[in-house]
Every structure is written in C-alpha cells, then in structure tokens.
Amino acid sequence: MLKNYMEDVVEKLLPSILKSFPNLCTCQLCIEDIKALTLNHLKPHYVVTERGQLYIKLNEMDTQFSVDVSREIYDAISIVQKNPRHTTISSKK
C-alpha cells in the first residue's frame, strides 16, 4: 500500500472549509481542481504501512500542520473561483 496521506488530510478538511464559500461552484471538476492545486503545493507524505499512517496522524494533530493545509486549500479555492475550467468546457459544446 503506497499512499500519499496528504490526500486524506485534504479530503477531511475540505468540506468544512467549503462551507465558508456558499457561492463557490462545487461541481466535480472544480472540487477536483481545488484538491489537485492544494496537493501540488503541499509536501507529500507517503506511507506504506499502518505504522507510517499513525505517525502522520500524530503530525495531523499539530495545529501548525492543520493551518498550513487549510491555507493551501483556501489559496486553491481562490484560484479555482477566479478561473473555473467548467465554463471553458461548457462553452465548447
């Protein structure tokens, strides 16, 4: 099992952060763009064992860790909100 644990962290934090943006498009493409942008700006944390996953979960309890991930999510939302790709795709139909 090779996994970038940061995917789980972003998946966990994103729904509560999205509540702060009631006018944000939450179509699948926009959400995936937000996740991709966020993950591309975070240091990956790959784990291959349950022990490694537990170690990362301990780091997740660190306040600065949550703040850093949340900041990247907010930045990604700002970018996607200003440049949604679904409009471009829809206009080509």
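For the structure, see preceding data.
Not measured: the values here are computed from a predicted model. (Residues numbered from 1 in each chain as written. Predicted model: local features only at pLDDT ≥ 70, side-chain atom pairs only at ≥ 80, totals over all residues. Heavy atoms only, no water.)

Student: Just to check I follow, could you spell out the state of the cysteines for this structure?
Tutor: Put plainly, a disulfide is one covalent bond tying together the sulfur atoms of two cysteines. Evaluation of the coordinates by the stated rule reveals zero disulfides. Among the cysteines around Cys-27, which has no disulfide bond, Cys-25 carries the closest sulfur, lying 3.6 Å off. Note on Cys-27: relative accessible area 27%, which makes it partly exposed. The thiol sulfur of Cys-30 is not disulfide-bonded, and the nearest other cysteine sulfur, from Cys-27, lies at 3.6 Å. Of the residues examined, Cys-30 reaches a relative accessible area of 1% and is grouped as buried. (Disulfide = S-S within 2.5 Å. Buried < 20%, exposed > 50% of the residue type's maximum accessible area, 1.4 Å probe, protein only.)

Student: Explanation requested: the packing of aromatic side chains in the structure shown.
Tutor: On inspection of all chains with the given rule, the structure shows one aromatic pair. Judged by centre distance (5.7 Å) and plane angle (50 degrees), the ring pair of Phe-21 and Tyr-74 falls under tilted. On the criterion of sequence distance, the pair formed by Phe-21 in the loop between helix H1 (5-18) and helix H2 (28-40) and Tyr-74 in helix H4 (residues 63-82) is long-range, its members being 53 residues apart. Accessibility expressed as a relative area gives 36% for Tyr-74, which makes it partly exposed. (Phe/Tyr/Trp six-rings, centres within 6.5 Å; stacked < 30°, edge-to-face > 60°. Helix = DSSP H or I, 4+ residues; strand = E, 2+ residues; numbered from the N terminus.)

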